[in-house]
Amino acid sequence: MEQPNTTESLTGGYLDMELLRFTTAGSVDDGKSTLIGRLLYDSKAIFEDQLESIERASARLGSEEVNLALLTDGLRAEREQGITIDVAYRYFATPKRKFIIADTPGHIQYTRNMVTGASTANLALILIDARNGVLEQTRRHSFIASLLQIRHIVICVNKMDLVDYDQKIFEQIKSDYLQNVAPKIDNSDIRFIPISAKLGDNVVEKSQNMPWYSGPSLLQLLETIEITGDRNLSEGRFPVQYVIRPISDKFHDYRGYAGRIAGGVFRPGDTVTIYPAGLQTRIKSIELGSKQLDEAFPPMSVSMQLEDDIDISRGNMIVKDTMPVVEQDLTAKICWLSTRPLVLGQRYFLKHTTHDVRCIVTNINYMLDINTLEKNYEKKQIGLNDIAEVQLKTTEPLIRDSYSHNRITGSAIIIEEGTNNTVGACMFV
Amino acid sequence: MNQYTIKHLQELEAEAIYVIREVAAQFERPSLLFSGGKDSIVMFYLARKAFYPAKVPFPLVHIDTGHNFEETIEYRDRLVAETGVKLIVGSVQESIEKGRVVEETGPEASRNMLQTVTLLDTIAEHKFDCALGGGRRDEEKARAKERFFSHRDVFGQWDPKNQRPELWNIFNGRKNLGEHFRVFPLSNWTEMDVWQYILLEQIEMPSLYFTHRRKVFKRNGQYLAWAPFMQLKENEKIEELDVRCRTIGDITCTGLTLSKATTLEEIVQEIAATRVTERGSRADDRRSESAMEDRKREGYF
């Protein structure tokens, strides 16, 4: 039968995909790079000239096999030392979804990179070597995914080919994880898949070697896992980013509040409250470019016109439904990202949504051991890669939610004065 | 399926517009680097959407090697005339005449490397504290490590091993005097996303991206456009073929693809079927394994 000659049919439905962001963590030995390489290669996201280039580079580094890590280890220092220094972003698409991988090095001192990669992810992919089972590293990755409130965890039990595709080994690892790791984390959705990244079992296609496994292949799971429920659609939050004021006769009194919806669903006619002023008004229109919109929800970038002329600027928030917390003394989990330790009582910049303030850390409530999730109330020094719960005081009240309610209005970064480096990641309790 | 889903192109658009508005809010003197290629055309289109009905609150900056495709300059000038945006041109020819750079010689000579000096001089001359660019992480492996907000020191240099962590959608544009930022709102877009977006939004593109008959010659396995100032080597001969550009840069280093694609739909189909990256056709990236990283460290786009 002949297909109608529409844009959709000509582009194979590619205009109609959802976006899934996931993070991977693991060391070289887990086969993480092999797995990513396979996903990219089988979805045709690796091109011939890239393959040629990494073949050349692998040969020069004395490797007989093509080292797919060279695809993501883009910096010269990484290639020379055979290590991954930084988060690398990789892209691939199937007809169902487009994927962004934040590939992070798994070594212990790179907690900061894992936190960075996890901050934007919908899903975390964790690899376990079937021969080794659940290791300290597995726990650490899981705890970070939990800390950053990634709802979905996919545990790939890899190298099943090296344990004769033995169901018992897979089940043992699964029950070990469910008994010893899962109860400590609040990720709502944990899945297990037995795979061989090297041979391709259960990566793209279902494996013939593990008839006992009835679930989907990894790619099938990534293509179908439901992620829209991860966004907060019930509490309206719109941090004002920029005020659009055209200087023209045609748009004389126009004032558009531009920003990205952080929570809830906004519609023209809705009654909203402006924070911190506390004044109420209604939405006159919601726009993007010259187009009028009927509704706006996360993660859309829009601009709004309001019925009343209220003084609103960057850093204010347009709110609907439930009310946010407004406070100057805050409790937050923080991950420290700098080699220079945190100094109690010292001033730092703090950036929260579109709002810039200064802050001091007044107290360390406890330190968190990321390998065991045990709280340490004795230790009182926060250095690189440390995770702790602290008390913060800010120069102005923040309009915020708890991180578990809203990842955007519940997070902030700490910036060192002088160097302007980003030194801390905050998640409000 | 939940009614509050958003398609990948809308999400990428929303992210890019957010980043562009963040630049307007955080910097005093931003600018938008405009090469006349598809990425910078999409960037300017997004900027217009981000600030509508107001004008884009920053100028376009074109670093002109003098070795352009004529079509690029025609398109640029028409866009400027139609939208009323301010255009600033930094001229590599002037940098050569002032002795700031020395022209490469020989048949493989390119002004691509020289652009960095002109770019940094232009940024300094106009006191820009931020330059928006259309760079994408999927283009090249060194770019895969690039931040949305990428810090440059007083010498305009990039230090890839010492980048600020970038978490959630919070962008740290704080800097000291003399430093500047390069900001890449299209970081998460792929070549395919760019073309799909152009198709979806029906953005007008320069004719170079569609098939046309042109005098070309083959060098190092790729077709280059012939222009009067280009020296042919022995055994290189001029042919007339149906070609199009996948990327547009300086005419001396932009490889051409044999193509019959006359519409945006056909370009999207062609890219879906291709097995070579777009940068594979850029002679400037083929110079060495870390050509892009080296140029970026120096302050390249």
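Rules and cut-offs
- Residues numbered from 1 in each chain as written.
- Chains lettered and ligands numbered in written order.
- Predicted model: local features only at pLDDT ≥ 70, side-chain atom pairs only at ≥ 80, totals over all residues.
- Heavy atoms only, no water.
- Salt bridge = Lys/Arg side-chain N within 4 Å of Asp/Glu carboxyl O.
- Buried < 20%, exposed > 50% of the residue type's maximum accessible area, 1.4 Å probe, protein only.
- Disulfide = S-S within 2.5 Å.
- Pairing = 2+ DSSP bridges.
- Helix = DSSP H or I, 4+ residues; strand = E, 2+ residues; numbered from the N terminus.
- Axes fitted to C-alpha atoms, helices over the stretch in contact; angles between N-to-C directions.
- Contact = heavy atoms within 4.5 Å.
- Domains from an automatic or database assignment.
- Buried area = accessible area lost by both parts, 1.4 Å probe.
- Polar contact = N/O pair within 3.5 Å; in protein donor to acceptor, adjacent residues only side chain to side chain.
- Phe/Tyr/Trp six-rings, centres within 6.5 Å; stacked < 30°, edge-to-face > 60°.
- Lys NZ or Arg CZ within 6 Å of the ring centre and 35° of its normal.

So, the pattern of salt bridges
Residues and elements named next belong to chain B.
Here is step 1: Scanning all chains against the criterion turns up 39 salt bridges over all chains.
Here is step 2: Arg-143 is the partner of Glu-139 in a salt bridge, and the nearest nitrogen-oxygen pair spans 3.5 Å.
Here is step 3: Overall, the relative accessible area of 9% leaves Glu-139 in the buried class.
Here is step 4: Here Arg-143 falls in the buried class, since its relative accessible area comes to 5%.
Here is step 5: Of the charged contacts, one joins Arg-152 and Glu-146 as a salt bridge, the two residues approaching to 3.7 Å between their closest N and O atoms.
Here is step 6: On the accessibility criterion, Arg-152 (0% relative accessible area) is buried.
Here is step 7: Each of the salt bridges in this network shares a partner with another, and the network as a whole consists of Lys-38, Asp-39, Arg-136 and Asp-138.

Some remarks on the state of the cysteines
Here is step 1: Evaluation of the coordinates by the stated rule reveals zero disulfides over all chains.
Here is step 2: Counting only cysteine sulfurs, Cys-359 of chain A is the nearest neighbor of Cys-426 of chain A, a cysteine outside any disulfide, at a range of 6.7 Å.

Thoughts on the sheet that holds strand β4 (residues 130-132) of chain B
By definition, the strands of a sheet pair up through backbone hydrogen bonds, in either a parallel or an antiparallel sense.
Residues and elements named next belong to chain B.
Here is step 1: Read across the open sheet, the six strands follow the order β3-β2-β1-β4-β6-β5; overall the sheet is mixed. Two strands in the sheet have a free side with no partner beyond their single neighbour: β3 (87-91) and β5 (149-152). Between one strand axis and the next, the sheet turns by 30 degrees as a mean value, whatever way the strands run.
Here is step 2: Bridge count between β5 and strand β6 (residues 180-183): four bridges; the pairing is antiparallel. Counted as the bridge partner of Ser-150 is Arg-182 from β6.
Here is step 3: In this fold helix α3 (residues 70-83) packs onto β2 (60-64) and β3, with an angle of close to 150 degrees to the strand it touches most, β3.

Notes on the sheet that holds strand β8 (residues 222-225) of chain B
Residues and elements named next belong to chain B.
Here is step 1: Spatial ordering of the closed barrel is given by β7-β8-β10-β9, a layout of four strands whose pairing is antiparallel. Along the sheet, successive strands turn relative to each other by an average axial angle of 70 degrees, direction set aside.
Here is step 2: Note that strand β7 (residues 212-219) and β8 share four bridges and pair antiparallel. Opposite Val-216, over in β8, you have Ala-225 as the bridge partner.

What to know about the domain arrangement of chain B
How big an interface is tends to be expressed through the accessible area that disappears when the partners come together.
Residues and elements named next belong to chain B.
Here is step 1: When the domains of chain B are assigned, the result is domain 1 (8-192 + 289-298) and domain 2 (202-285).
Here is step 2: Look at where the C-alpha atoms of domain 1 and domain 2 centre, and you get two points 23 Å apart.
Here is step 3: Each partner contributes to the interface: domain 1 provides 30 residues, whereas domain 2 provides 32 residues.
Here is step 4: Here domain 1 packs against domain 2, burying approximately 2700 Å² in sum over the two surfaces, 56% of which is carbon and sulfur.
Here is step 5: A salt bridge links Glu-204 to Arg-78; its shortest N-O distance comes to 3.1 Å.
Here is step 6: Scanning the region where domain 1 abuts domain 2 turns up six residue pairs in polar contact (both at pLDDT 80 or more).

Details of the packing of aromatic side chains
Here is step 1: All chains considered together, the criterion is met by 23 aromatic pairs over all chains.
Here is step 2: With 4.9 Å between their ring centres and 70 degrees between their planes, Phe-297 of chain A and Tyr-4 of chain B make a pair best called edge-to-face. Residue Phe-297 of chain A is located in the loop between β12 (291-293) and β13 (301-306), and its partner Tyr-4 of chain B is located in the segment before α1 (8-26); the two belong to separate chains.
Here is step 3: Judged by its relative accessible area of 6%, Phe-297 of chain A is buried.
Here is step 4: An aromatic cluster is present here, built from Tyr-18, Phe-27, Phe-148, Phe-149, Phe-171 and Phe-181 of chain B joined pairwise through their rings.
Here is step 5: The positively charged end of Arg-260 of chain A is found above the aromatic ring belonging to Tyr-18 of chain B, 5.9 Å away from the centroid.
Here is step 6: Between the NZ or CZ atom of Lys-320 of chain A and the centre of the ring of Phe-266 of chain A, over which it lies, the distance is 5.8 Å.

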